[in-house]
Amino acid sequence: MNPGFLYHFGKFVQWFPQIFSKPENGRMYYKEVVRQMYDIGVGSLMIVFVISIFIGAVTAIQFAYQLGNSFIPPYYIGYIVRDMAIIELAPTFTCLVLAGKVGSNMAAEIGGMRQKEHIDAMEIMGVNTSSYLVMPKLIAALIMIPVLVSISALISNFGGYLASVATGYYSHSEYVQGLRSFFVPWNVVMMYVKAISFAFILTSVSCYQGYFVKGGSIELGEASTRAVVYSDILILIADYIIALVLTV
Amino acid sequence: MIRAENIFKSFGDNHVLKGIDFTFETGKTNLIIGKSGAGKTVLLKILVGLMNPSEGHVWYHDRDLTQMSKEETRELRMDVGMLFQGNALFDSMTVEENIRFPLDMFTNRKLKEKVERVNYCLEEVSLGGINKKFPSEISGGMQKRVGIARAIVLEPKYLFCDEPNSGLDPKTAIKIDELISEITKQHNITTVINTHDMNSVMEIGEKICLLDAGKLAWEGGKEEVMNTTNKTLEDFIFASPFLQRLRARALGSD
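Reading the values: the criteria
Residues numbered from 1 in each chain as written. Chains lettered and ligands numbered in written order. Predicted model: local features only at pLDDT ≥ 70, side-chain atom pairs only at ≥ 80, totals over all residues. Heavy atoms only, no water. Helix = DSSP H or I, 4+ residues; strand = E, 2+ residues; numbered from the N terminus. Buried < 20%, exposed > 50% of the residue type's maximum accessible area, 1.4 Å probe, protein only. Contact = heavy atoms within 4.5 Å. Areas by Shrake-Rupley, 256 points an atom, 1.4 Å probe, with all protein chains shown as cover. Lys, Arg positive; Asp, Glu negative; His and termini not counted. Charge placed at Lys NZ, Arg CZ, Asp CG, Glu CD. Pairing = 2+ DSSP bridges. Axes fitted to C-alpha atoms, helices over the stretch in contact; angles between N-to-C directions. Expected span 1.5 Å × (residues − 1). Arc of directions from axis to C-beta. Core = buried A, V, L, I, M, F, W, Y, C linked by side-chain atoms within 4.5 Å. Buried area = accessible area lost by both parts, 1.4 Å probe. Salt bridge = Lys/Arg side-chain N within 4 Å of Asp/Glu carboxyl O. Polar contact = N/O pair within 3.5 Å; in protein donor to acceptor, adjacent residues only side chain to side chain. Nonpolar A, V, L, I, M, F, W, Y, C, P; charged D, E, K, R; others polar. Parallel < 35°, antiparallel > 145°, perpendicular 65-115°, else oblique. Left-handed = near helix turned anticlockwise from the far one by under 90°.

**What to know about the overall build of chain A**
Then step 1. Helices and strands together make up the secondary structure of chain A, namely eight helices and zero strands.
Then step 2. Counting only C-alpha atoms, chain A reaches 70 × 40 × 35 Å along its principal axes.
Then step 3. Taking all 248 residues of chain A together, 50% fall into the buried category.
Then step 4. Residue pairs in contact within chain A that sit at least 24 positions apart in sequence constitute 86% of those at least 6 positions apart.
Then step 5. Only carbon and sulfur atoms are counted for the fraction: they give 71% of the accessible area of chain A, which is about 11,800 Å².
Then step 6. Considering chain A, the positive charge centre built from 14 side chains and the negative charge centre built from 14 side chains are found 6 Å apart.

Below, the structure is given as structure tokens:
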């Protein structure tokens, strides 16, 4: 195993409890949480909307192609798009994309503050910067990313509808019948478990990369890249583990 | 009063500080001077607790910074203000929000009281009326003053300034020096300035510590600088032929 990984894992584990120390001023943290919720939530709506439409549309087209002239009833298309979106594509795809958008932003924001001595300035004032800079982001992500994933699941179904009904492959009633068939509420639980886990991963990894950045603009760029790459890899590993644990 | 006791600092095999001892008195403007790479910034970071020494102690009166818990350090820092070399003003906040930040974070005062305090601090640094401007909209000298205003907003007992004159024209630099000196006297605080600006040394250096290759090469007041026989200090202060001629003339006329 790469010793660098163990070093960073140990450093991360040591650093992490500092994030959850008592805030110096609850109101300041609250304001920061609201600001982050807006940035993460509203700021990511458009990209989530676009990818979700295509997730649903491509899933519908692909399965329509797979089903072909088989004996599987046509209404299954709605059922397949719905479950694919809820169980896998909405949480995983959305969070992979958010790791790129939100994660890199967090790493760059905190890393930039480190380089401009803003973090040192706050430390001198007596602010617990690990807590003030990371905790609001973490709370905001844990609230907003599941909301974005829910929206993504909803819009994916709409994307599937557009690709299959609006293009004339299937009828409205067939698609809707599929959407209403074989619904398993546990799948929604699984979606939220994934969304929350992925939100935690992408936020904490990105903040860690930004907080401990050293050097200049090149290193900051590298830290942003690492934030995305490591978040994506860990999200995929977590996806596998969650699927294994919650479906077996 | 701040006392450094036998401070050593090494980064691997690189021994940056090699046993530094000094005492900085309350109500005085204390300067740490030295060539680039002499260890000034590392020493300043150790003094404010942003870095731990490899050996030695830093005393704030009777409290040893190096032995404090994180909570105790944060408590002490309520008494510390610092002006950074690059100002470290938060770009996305206005001047008022920058100065108000410590008040927002650590006090429960009403907004009106906080704004009054901000205005008072801005007046102290002769910058009244720029509350709503962003740091990018004001000059480097003004940014320095805003940095000073933010550093003093919580009425600190200790003020640290890292290269307060860097990047400023000589006239503005002198104004910043005078401002820091006035604030030190007015509020009776212990001020520590990290600089290699000769004007600062000669104008406001009540106590000067010269670092050379990680060691304390000389200490004294600005009055003693002119007549020094210390070779390291002479080489540092009177590095240019122009200053050497000035000194010769000054000593000659004395």
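**A few points about the sheet that holds strand β6 (residues 80-83) of chain B**
Residue and element names in this part refer to chain B.
Then step 1. With mixed pairing, the six strands of this open sheet are ordered in space as β6-β7-β8-β3-β9-β10. The sheet is open, and its two edges are formed by β6 and β10 (215-220), each paired on a single side. With direction set aside, neighbouring strand axes in the sheet form an average angle of 15°.
Then step 2. For strand β3 (residues 29-34) and strand β8 (residues 190-195), the ladder comprises five bridges, and the chain directions are parallel. Pairing of I33 across the sheet is with T195, part of β8.

**Notes on helix α4 (residues 111-124) of chain B**
Residue and element names in this part refer to chain B.
Then step 1. With 14 residues, α4 should reach 20 Å at 1.5 Å per residue; the first-to-last C-alpha distance of 20 Å fits that figure.
Then step 2. Check the buried side of α4 and you find it contacts α3 (95-106), α5 (140-152) and α6 (170-187).
Then step 3. Looking one or two residues beyond α4, the residue adopting positive phi is S126, at roughly 60°.

**Some words on helix α2 (residues 70-77) of chain B**
Then step 1. Listed in full, the buried residues belonging to α2(B) are T73(B), R74(B), L76(B) and R77(B). Along the axis of α2(B), the buried positions cluster into a sector of 160°, meaning they face one direction only. With respect to the buried face of α2(B), the exposed residues turned more than 90 degrees away are E71(B) and E75(B).
Then step 2. Looking at the buried side of α2(B), the elements it contacts are α4 (118-125) of chain A together with α1 (40-48), β4 (55-60), β5 (63-64) and β6 of chain B.

**A word on the nonpolar core**
Then step 1. Formed by 50 residues in total, the largest nonpolar core has its most connected members in W15(A), I40(A), M122(A), Y132(A), I145(A), L202(A) and F101(B).
Then step 2. Counting residues per element, the ones that place at least two in this core are α1 (3-19), α2 (26-67), α3 (76-115), α4, α5 (129-166), α7 (185-211) and α8 (217-247) of chain A together with α3 of chain B.
Then step 3. For this core, the leading source of residues is α5(A), giving 12 residues.
Then step 4. Residues contacting W15(A), with those up to four places away along its chain left out, are S130(A), V134(A), S204(A), C207(A), Y208(A), Y211(A) and F212(A).

**Focus: the interface of chain A and chain B**
Then step 1. Taken together, the contact pairs 17 residues of chain A with 24 residues of chain B.
Then step 2. Around 1,900 Å² of area is buried between chain A and chain B when both sides are counted, 63% of it from carbon and sulfur atoms.
Then step 3. If you sort the residues of chain A by the area they bury against chain B, E117(A), I124(A) and M125(A) come out on top, with a joint share of 35%.
Then step 4. There are two salt bridges connecting chain A and chain B.
Then step 5. Its salt-bridge partner being E123(A), residue R77(B) comes within 3.4 Å of it at the nearest N-O pair.
Then step 6. Taken together, the connections running from chain A to chain B amount to five residue pairs in polar contact (both at pLDDT 80 or more).
Then step 7. Take the side of chain A that touches chain B: its biggest share by element is seven residues, from α4(A).
Then step 8. When the residues that make up the side of chain A that touches chain B are grouped by side-chain class, the tally is seven nonpolar, five polar and five charged.

**Details of the packing of α3(A) against α8(A)**
Residues and elements named next belong to chain A.
Then step 1. Orientation of α3 relative to α8, taken along the N-to-C sense of each, is 155°, at an axis distance of 8 Å. When the axes of α3 and α8 are compared, the pair comes out roughly antiparallel. Along this stretch, α3 crosses α8, giving a crossing that reads as right-handed.
Then step 2. Each residue belonging to the contact of α3 with α8 can be placed in one class, and the counts come to 11 nonpolar, 10 polar and three charged.

**Here's the deal with the side chain of T59(A)**
Then step 1. Tracing the backbone through its elements, the reader meets T59(A) in helix α2.
Then step 2. Aside from chain neighbours lying at most four places away, what touches T59(A) is F54(A), V81(A), M84(A) and L89(A).

**Quick look at the environment of I51(A)**
Residues and elements named next belong to chain A.
Then step 1. Structurally, the position occupied by I51 is in helix α2.
Then step 2. Spatially, the C-alpha atom of I51 lies 35 Å from that of K11, the residues being 40 residues apart in sequence.
Then step 3. Not counting chain neighbours up to four residues away, the residues in contact with I51 comprise F93, T94 and V97.

**Observations regarding unusual backbone geometry**
The phi torsion of most residues other than glycine is negative, and most of the peptide bonds are trans.
Residue and element names in this part refer to chain B.
Then step 1. Although it is not a glycine, H61 sits at a positive phi angle of roughly 55°.
Then step 2. Structurally, the position occupied by H61 is in the loop between β4 and β5.
Then step 3. Backbone geometry at S126 places phi at a positive 60°, although glycine is not the residue there.
Then step 4. In this fold, S126 is placed in the loop between α4 and α5.

**Concerning the packing of α3(B) against α4(B)**
Residues and elements named next belong to chain B.
Then step 1. Contact geometry for α3 and α4: axes closest at 9 Å, N-to-C directions at 120°. With respect to α4, the element α3 is oriented oblique. For the element pair α3 and α4, the recorded crossing hand is right-handed. Where α3 approaches α4, its residues V95, E96, I99, R100, L103 and D104 are matched on the opposing element by L111, K114, V115, R117, V118 and L122.
Then step 2. Looking at side-chain class alone, the contact of α3 with α4 contains seven nonpolar, no polar and five charged residues.

**Observations concerning the sheet that holds β5(B)**
All names here are of chain B.
Then step 1. One open sheet accounts for four strands, arranged β2-β1-β4-β5; its pairing is antiparallel. In this open sheet, the two edge strands, each paired with only one partner strand, are β2 (14-24) and β5.
Then step 2. Taken together, the five bridges between strand β1 (residues 2-11) and β4 define a ladder with antiparallel strand orientation. Of the residues in β4, the one forming a bridge with I2 is Y60.
Then step 3. Sheet strands touched by α1: β1, β2 and β4. Its angle to β2, the strand with the most contacts, is close to 60°.

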